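# Geometric and topological summary
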Amino acid sequence: MKTNPNTINLMSTDRKRIVVKVGSNVLTHSDGTPNVTNMSALVDQIAEIHSAGHQVVVVSSGAVACGRGAIEPSRQLDPVESRQLFSAIGQIRLMNIYSNLFGLHNIVIGQVLTQKENFSSRTSYLNQRGCMLTMLENGVVPVVNENDTASLTELMFTDNDELSGLIATMIDATMLVILSNVDGIYTGDPADSSSQLIARVSADDNLSDYVSETKSGFGRGGMGTKCNTARKVASEGVMVVIAKGDRRNVLTDLINCPDSVPHTLFVPSSEPLSKVKRWIAHSGSFAKGSICVNDQAAEMLRSEKALSLLPVGVVSTDGSWEAGDIVAVVDSKGQRIAVGKAAVDSAQTVQTMGCHGQRPIIHYDYLYLE
Ligand code: GLU
């Protein structure tokens, strides 16, 4: 895959669209009280970027952590109950602080609480997109979080890193900045002085030796999911940076003089995905069924040639879908190769599978290769 060799270049006067994801560990203290010092420093920087004419969307975690510090439940709660109770309390506390801090800069903010289901159909995806763009057009800074009071456990974002990636690609952001409690991806444990910060990650770099799935402190995400999100979003054409959220002037320095601030940059692909493929890329969990292809078809799809999925390569199907639904494409070992928007329903797929000269089951324009 070709990659863009440029590093961060936001110094030009062009209007940029930046998504800033802030983790619970940056926003709250270990006892669950809001870290107003960190929040205030970030808001000051976002205000500076905003007043320079750029558009900023904040994806803010911290509701559950903040709610936990605010109340002692009257009985032992199960994980769903505690997530619902704490997020309901913590979200409003966080938003009050954000609103006051941004208000000092005369910036109006808006709360966007969302759920994974809101991205499941193209119509609801475009509806979410429209909401964000209208806010930006009116100079409002959207502050986004998952609606943890209503999300079903089995249909939640893995974490807010995943949500921030979805938002960044949905609104065609120039850049996604993931602010964590470390400076970026290290070659080992960040606490170990022999570990080194990885400055740049390109599409071909293999990070599996370095990144573990262990997570630290509050919040659902760990470095593993941050890395997966960052790679996927960069492969869709958006620049991604992981940096340390409580580092002084981290955001403004990343924009004005990136060399002065430690971070990991995920180099964006120079061949950005189309808008519809970006939606499909993040819709794998809504697949209504799967289509199993033979080894030859699997190899051809993986070859990155612009190919549609034809009935001749299909050996079996699982599930039932209508034309227009999202389906997964798997190889003979059940490994997912692609996700796509089906052009025909499951009954017709079964009827034509194995046959030559039939219309594609998924057209290339609607097929996202994983
Ligand atoms: N939505 C969760 C919260 O606000 C955070 C999820 C995450 O840690 O990524 O507490």
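In case you missed it, the structure is sitting above this.
Residues numbered from 1 in each chain as written. Predicted model: local features only at pLDDT ≥ 70, side-chain atom pairs only at ≥ 80, totals over all residues. Heavy atoms only, no water.

Turning our attention to the overall build of the chain. Along its length, the chain carries eleven helices and 13 strands. What you see for the chain is a C-alpha radius of gyration of 22 Å, in line with the 21 Å of a compact globule of 370 residues. Viewed in the frame of its principal axes, the chain has a C-alpha envelope of about 65 × 50 × 45 Å. Looking at the 370 residues of the chain, the share that counts as buried comes to 49%. Expressed as a percentage of contacts within the chain between residues at least 6 apart in sequence, the contacts between residues at least 24 apart total 74%. Accessible surface for the chain amounts to roughly 16900 Å². Of this, 48% is attributable to carbon and sulfur atoms. Looking at charge distribution, the chain has the averaged site of its 31 positive side-chain charges lying 4 Å from that of its 38 negative ones. (Helix = DSSP H or I, 4+ residues; strand = E, 2+ residues; numbered from the N terminus. Rg over C-alpha atoms; globule rule 2.2 N^0.38 Å. Buried < 20%, exposed > 50% of the residue type's maximum accessible area, 1.4 Å probe, protein only. Contact = heavy atoms within 4.5 Å. Areas by Shrake-Rupley, 256 points an atom, 1.4 Å probe, with all protein chains shown as cover. Lys, Arg positive; Asp, Glu negative; His and termini not counted. Charge placed at Lys NZ, Arg CZ, Asp CG, Glu CD.)

As a further point, take the packing of aromatic side chains. Summed over the entire model, instances satisfying the criterion amount to four aromatic pairs. Seen from their ring centres, F119 and F157 are 5.8 Å apart, and the 75° between their planes marks the pair as edge-to-face. Taken together, the residues span a long stretch of sequence, with F119 in the loop between β3 (109-114) and α5 (122-137) and F157 in the loop between β4 (141-146) and α6 (160-170) at a distance of 38 residues. Ring plane angle 50° and centroid distance 6.2 Å describe the contact between Y125 and W279, whose orientation is recorded as tilted. (Phe/Tyr/Trp six-rings, centres within 6.5 Å; stacked < 30°, edge-to-face > 60°.)

By the element assignment, I185 lies in the loop between β5 (175-180) and β6 (200-201). As for I185 and V211, which are separated by 26 residues in sequence, their C-alpha atoms are 7.4 Å apart. Excluding anything up to four places from it in sequence, I185 contacts Q196, L197, I198, V211, M223, C227, I242, T264 and F266.

In this model, N106 sits at a positive phi of 60°, which is unusual for a non-glycine residue. Considering the arrangement of structural elements, one finds N106 in the loop between α4 (79-103) and β3. The residue D172 is not glycine, and still its phi comes out positive at about 55°. Looking at where D172 falls in the secondary structure, it is placed in the loop between α6 and β5. Its relative accessible area of 28% is what places D172 among the partly exposed residues.

We now examine the sheet that holds strand β10 (residues 314-319). Pairing between the strands of a sheet comes from backbone hydrogen bonds, and it takes one of two forms, parallel or antiparallel. Taken in spatial order, the five strands line up as β10-β9-β11-β12-β13 in an open sheet, and their pairing is mixed. Strand pairing shows two members of the sheet lacking a second neighbour, β10 and β13 (367-369), which therefore form its edges. For this sheet, the mean angle separating the axes of adjacent strands, direction not counted, is 25°. (Pairing = 2+ DSSP bridges. Axes fitted to C-alpha atoms, helices over the stretch in contact; angles between N-to-C directions.)

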